[in-house]
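In case you want the letters, here they are:
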Amino acid sequence: MAEKYDIVAATGCPTGIAHTFMAKEALEKAAAERGLTIKVETHGQVGVENELTAAEIAGARAVVVAADKDVHAERFAGKPMVSVGVSRAIAVEAAGKLIDDALVAKADPSLAVAVESAEATGEKESFGHQLYKHLMNGVSHMLVFVVAGGVLTALSFLWGITSFDSTAADYNSFAAMLKIIGGVAMGLMVPVLSAYIAESIGKRPALVPGFVAGMIAIQGLPVNATTGMIDAGGAGVGFGFLGGIVGGFLAGYVILLLEKVFAKLPANLNGLKAIFLYPLFSTLIVGLVMLAISGPMSAINTAMMDFLKGLSASGAIVLGLAIGCMCSVDMGGPVNKAAYVTGTAMLTEALAAGVGTETYNFGTNFMAAVSAACIVPPLITTFAVVVGKKYFSQEDHDAGIVNFILGCTHITEGAIPFMTKNIWPVMPIMMIGSSIASILSLMFGVHDPAPHGGFLVLPVVENAPMWVLAIAIGTVVGGILFVAFKKHEWTKTQKAAEAEVATAEVAAIEAEQASDEGFVKASNVLCGQTVENRDAALALISERAVEAGIAEDSAALYAAFLKREAEGTTGMVEGFAIPHAKSDTVKAAQVMVLKSSEGIASWETMDESPVTCAIALLVPESEAGTSHLQILSKVATALTDEAFRAAVKSADDPAAIAKLINERLA
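Residues numbered from 1 in each chain as written. Predicted model: local features only at pLDDT ≥ 70, side-chain atom pairs only at ≥ 80, totals over all residues. Heavy atoms only, no water.

**Side note on the overall build of the protein**
Line of reasoning, step 1. Looking only at helices and strands, the protein has 22 helices and 10 strands in total.
Line of reasoning, step 2. Expected size for 666 residues packed as a compact globule is a radius of gyration near 26 Å; at 39 Å, the protein overshoots this value by more than 25%.
Line of reasoning, step 3. With the C-alpha coordinates aligned to their principal axes, the bounding extent of the protein is approximately 130 × 65 × 40 Å.
Line of reasoning, step 4. Taking all contacts inside the protein whose residues are at least 6 apart in sequence as the whole, residues at least 24 apart take part in 70%.
Line of reasoning, step 5. With the model as given, the accessible surface of the protein reaches about 29400 Å², and the carbon-plus-sulfur share is 63%.
Line of reasoning, step 6. Distance from the positive charge centre (42 side chains) to the negative charge centre (64 side chains) of the protein: 5 Å. (Helix = DSSP H or I, 4+ residues; strand = E, 2+ residues; numbered from the N terminus. Rg over C-alpha atoms; globule rule 2.2 N^0.38 Å. Contact = heavy atoms within 4.5 Å. Areas by Shrake-Rupley, 256 points an atom, 1.4 Å probe, with all protein chains shown as cover. Lys, Arg positive; Asp, Glu negative; His and termini not counted. Charge placed at Lys NZ, Arg CZ, Asp CG, Glu CD.)

Below is the structure:
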């Protein structure tokens, strides 16, 4: 029998490295804080882990989807659900809000779109977020091809810049094979991007037109150089990853359109639709449209590249500032991914153009700047927690140390928890550090032919020492700024704490003074006393009365108490007694209280329960007929109130007890 969970969730980010598992941990902590059980399915680069079963989904009270890629949300049809981007669930507080929203959300049987938790319950997921999620699904699948192909291509350069060329002096057959394998992997980048954008929209049937759209984006519209006419044997101008994005969305939505067109076909033709109608018509439509727009798309792609090169012409500072800010503004989010994907696209063109070309130099220099900007943020946190250790919590310190590994391997997301705690000014600090590293990488002429890997690819980086220096400078500057901010914050917190302590001390003194202003003074309430019997209790009250200046002679006061007890017990009910003494030794009418949790023996009461609270009345002989009777009457009346008795019995604070009695004697 499947285990039942209160909440089931699915998380996934484009890279499937950090955000996915940070969101999982936050959701699990938030659920635990609410006493709820949860199972979180993760969609990382290694695939689906902790996969949810149909029975677990059916038994859950609600669903949380925190993903920027397709996690097959149609499985959750009919369940109350919220769906947001993965970055919205990486903080425990935010994750808790998602769980709360999911529990009160309305079920959507059709699951046409999901509930957006940031708005009122029941509002649909924005179209913009849907587009972003489809795009990130493509990017997620594409990145592994980019990393594998780019690193293998870069490794081929270890034998020489032209070691793949059989006519070159530094030719090496193994290096040539590495270059071929890496080139094939990099060549699949755009088709995979396009196919999995399409798959996120139209599911499996959209893969075929998606791959075709991606291939056309690489090849462009073939034209015969002699006739100037469309020719399958001619050459075309590709329009890169931008064309792949357009093709992916086109393929996905064409499938959705065809599903509506073929919806009225008999159910027994469903197999024909999947194997014949969808692939045939979608490929035809998407192919024709992609070929038709190849000219405008090529122009747009060229214009974008020219714009970036134009920024470079404006100087390393302008370009580096743009790269640095984009890479660190959201720590692996959409803006960061836009910069990174642009860098890998330019690197792909650079590797295709060949070593020594202007395109190669610009693309690899651009990639070095992007990588440096992505590496710096987590290293800033490491520097800060080491240099300014006392300004950080132990949890932050441990996270900062781990970030050293993440930063060195080009994983920016490790800095997110630090930024979410103080977006201002931590975000600008990260942007400053990344921009410095990016600008210096451009100025130092660093060339990185690998799109990922961090310091692991140092052997293939041209001017590697200068690249490390650029990253180190950005890290140190950002780290110093971060420590300065945390020191300021820590100092402010310390001063506030000191002020709070001082205020509390003043308040305590004032409270104590205020508590001694009433008829019953807190200093005359004796709590937690241990006495053998009634006489010992009355003797203790008499001694304390003299110490407090209420009476002059403890023996005379004690005798007055015993005289009254001889006339009849002053023990009441539920552990209360109201002993009273009239004597000339008493200076002014006062009330004293003695509490004993163990009970006072030998004190006769009306219900035979042991006395635990004695409210003693001390009155001068001259006021025997006035103050004495008034106080006695009020105390006796108060003891008839069940709430009053309960409050006095449960209180252990002298000031609280004094306040309760004073309110009754007023």
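Here the narrative resumes, following the displayed structure.
**Quick word on helix α22 (residues 654-665)**
Line of reasoning, step 1. When the terminal C-alpha atoms of α22 are compared, their 16 Å separation across 12 residues agrees well with the 16 Å that a helix rising 1.5 Å per residue should span.
Line of reasoning, step 2. When α22 is considered as a whole, its buried residues turn out to be Ile 657, Ala 658, Ile 661, Asn 662 and Leu 665. Around the axis of α22, the buried residues are gathered within 130 degrees of arc, so they sit on the same side. Seen from the open side of α22, the exposed residues pointing more than 90 degrees away from its buried face are Lys 659 and Glu 663. (Expected span 1.5 Å × (residues − 1). Buried < 20%, exposed > 50% of the residue type's maximum accessible area, 1.4 Å probe, protein only. Arc of directions from axis to C-beta.)

**A look at the sheet that holds strand β5 (residues 81-84)**
Line of reasoning, step 1. The strand order β3-β2-β1-β4-β5 describes an open sheet built from 5 strands, whose pairing is mixed. Two strands lie at the open edges of the sheet, namely β3 (47-49) and β5, each paired on one side alone. The average angle at which neighbouring strand axes cross in this sheet is 10 degrees, direction not considered.
Line of reasoning, step 2. The sheet contact formed by strand β2 (residues 38-44) and β3 spans 3 bridges and is antiparallel. When the sheet's bridge partners are listed, Thr 42 is paired in β3 with Glu 49.
Line of reasoning, step 3. Helix α1 (residues 19-33) rests against β1 (7-12), β2, β3 and β4 (62-67) of the sheet, and its axis sits at about 175 degrees to β2. (Pairing = 2+ DSSP bridges. Axes fitted to C-alpha atoms, helices over the stretch in contact; angles between N-to-C directions.)

**A look at the pairing of β5**
Line of reasoning, step 1. Residues of β5 alternate between two faces, with Met 81 and Ser 83 on one and Val 82 and Val 84 on the opposite face, all of them buried.
Line of reasoning, step 2. As judged from the 4 bridges shared by β4 and β5, these two strands associate in the parallel manner. Note on β5: the bridge partner recorded for Val 65 is Ser 83.

**A closer look at the nonpolar core**
Line of reasoning, step 1. Grouped together as the largest cluster of nonpolar side chains are 58 residues, with contacts concentrated most on Leu 27, Ile 38, Val 64, Ile 99, Trp 467 and Phe 482.
Line of reasoning, step 2. It is helix α13 (residues 358-387) that contributes the most residues to this core, 8 residues altogether.
Line of reasoning, step 3. Among residues more than four places away in sequence, those in contact with Val 64 are Ile 7, Val 8, Ala 9, Ala 10, Leu 27, Val 82, Leu 98, Ile 99 and Ala 102.
Line of reasoning, step 4. With 55 residues, the next largest nonpolar core counts Ala 206, Ala 217, Ile 245 and Phe 249 among its residues. (Core = buried A, V, L, I, M, F, W, Y, C linked by side-chain atoms within 4.5 Å.)

**Examining the packing of aromatic side chains**
Line of reasoning, step 1. Counting across every chain of the model gives 10 aromatic pairs.
Line of reasoning, step 2. Between the NZ or CZ atom of Lys 179 and the centre of the ring of Phe 164, over which it lies, the distance is 4.7 Å. (Phe/Tyr/Trp six-rings, centres within 6.5 Å; stacked < 30°, edge-to-face > 60°. Lys NZ or Arg CZ within 6 Å of the ring centre and 35° of its normal.)

**A word on the environment of Gly 138**
Line of reasoning, step 1. Structurally, Gly 138 is set in helix α4 (residues 127-156).
Line of reasoning, step 2. Of the residues examined, Gly 138 reaches a relative accessible area of 0% and is grouped as buried.
Line of reasoning, step 3. Sequence-wise, Gly 138 and Lys 29 are 109 residues apart; in three dimensions their C-alpha atoms are separated by 30 Å.
Line of reasoning, step 4. Once you skip the residues sitting within four places of it in the chain, Gly 138 turns out to touch Leu 193, Tyr 196 and Ile 197.

**Observations concerning the pattern of salt bridges**
Line of reasoning, step 1. Following the criterion strictly, the structure yields 15 salt bridges and no others.
Line of reasoning, step 2. Several salt bridges share partner residues, and in doing so they unite Arg 534, Asp 535 and Glu 565 into one network. (Salt bridge = Lys/Arg side-chain N within 4 Å of Asp/Glu carboxyl O.)

**Details of the pairing of β4**
Line of reasoning, step 1. Counted residue by residue, β4 has 6 buried out of 6 residues, so it is predominantly covered.
Line of reasoning, step 2. Burial of the side chains of β4 extends over both faces: Ala 62, Val 64 and Ala 66 are buried on one face and Val 63, Val 65 and Ala 67 on the other.
Line of reasoning, step 3. Sheet topology note: the β1/β4 ladder contains 6 bridges and is parallel. Within β4, the position partnered with Val 8 by the bridge is Val 63.

**Quick notes on a nonpolar patch on the surface**
Line of reasoning, step 1. Together, Leu 272, Ile 275, Phe 276, Leu 280, Phe 281, Leu 284, Ile 285, Leu 288 and Val 289 give the surface a local cluster of nonpolar side chains, amounting to about 800 Å² of exposed area.
Line of reasoning, step 2. Within the fold, Val 289 resides in helix α9 (residues 270-292). (Patch = residues over 30% accessible without salt bridge, like charges linked within 9 Å, V, L, I, M, F, W, Y side chains within 5 Å.)

**Notes on the environment of His 447**
Line of reasoning, step 1. Topologically, His 447 is positioned in the loop between α16 (423-443) and α17 (464-515).
Line of reasoning, step 2. Separated by 43 residues in sequence, His 447 and Trp 490 place their C-alpha atoms 41 Å apart.
Line of reasoning, step 3. Excluding residues within four positions of it along the chain, His 447 makes contact with Asn 361, Thr 364, Asn 365, Ala 368, Val 460, Val 461 and Glu 462.
Line of reasoning, step 4. Within the structure, His 447 has its side chain in polar contact with the backbone oxygen of Gly 445 (distance 3.5 Å). (Polar contact = N/O pair within 3.5 Å; in protein donor to acceptor, adjacent residues only side chain to side chain.)

**Thoughts on unusual backbone geometry**
Line of reasoning, step 1. The amide bond that connects Trp 424 to the next residue, Pro 425, takes the cis arrangement and shows omega of 10 degrees.
Line of reasoning, step 2. Mapped onto the secondary structure, Pro 425 falls in helix α16.
Line of reasoning, step 3. With a phi angle near 70 degrees, His 410 is a residue other than glycine that sits in the positive phi range.
Line of reasoning, step 4. Position of His 410 among the secondary structure elements: in the loop between α14 (394-408) and α15 (416-421).

**Some thoughts on the side chain of Lys 595**
Line of reasoning, step 1. Mapped onto the secondary structure, Lys 595 falls in strand β9 (residues 590-600).
Line of reasoning, step 2. Buried within the structure, Lys 595 lacks any salt-bridge partner; Asp 652 is the closest side chain of opposite charge, at an N-O distance of 4.2 Å.
Line of reasoning, step 3. Beyond its immediate chain neighbours, meaning those up to four positions away, Lys 595 contacts Leu 526, Cys 527, Gly 528, Gln 529, Thr 612, Cys 613, Val 648, Lys 649, Ser 650, Ala 651, Asp 652 and Ile 657.

**Quick notes on the confidence of the model for the protein**
Line of reasoning, step 1. Summary statistics for the protein give a mean pLDDT of 87 and a share of 93% for residues scoring 70 or more.
Line of reasoning, step 2. When the criterion is pLDDT under 50, residues 110-123 qualifies, and its contacts beyond four places in sequence or with other chains add up to 36 contacts. (pLDDT = per-residue confidence, 0-100.)

**A few points about helix α6 (residues 189-202)**
Line of reasoning, step 1. Between its first and last C-alpha, α6 extends 20 Å over 14 residues, near the 20 Å set by a 1.5 Å rise per residue.
Line of reasoning, step 2. With 13 of 14 residues buried, α6 is to be regarded as a mostly interior element.
Line of reasoning, step 3. Following α6 by one or two positions, Lys 203 has its phi on the positive side, about 60 degrees.

**Overview of the packing of helix α11 (residues 316-328) against α16**
Line of reasoning, step 1. Their axes nearest at 7 Å, the elements α11 and α16 cross at an angle of 140 degrees. Comparing the axis directions of α11 and α16 gives the class oblique. Handedness of the crossing formed by α11 with α16: right-handed. Facing Ala 316, Ile 317, Leu 319, Gly 320, Leu 321, Ile 323, Gly 324, Cys 325 and Ser 328 of α11, the residues of α16 in contact are Met 430, Met 431, Ser 434, Ser 435, Ser 438, Ile 439, Leu 442 and Met 443.
Line of reasoning, step 2. Among the residues making up the contact of α11 with α16, the classes are represented as 11 nonpolar, 6 polar and no charged. (Parallel < 35°, antiparallel > 145°, perpendicular 65-115°, else oblique. Left-handed = near helix turned anticlockwise from the far one by under 90°. Nonpolar A, V, L, I, M, F, W, Y, C, P; charged D, E, K, R; others polar.)

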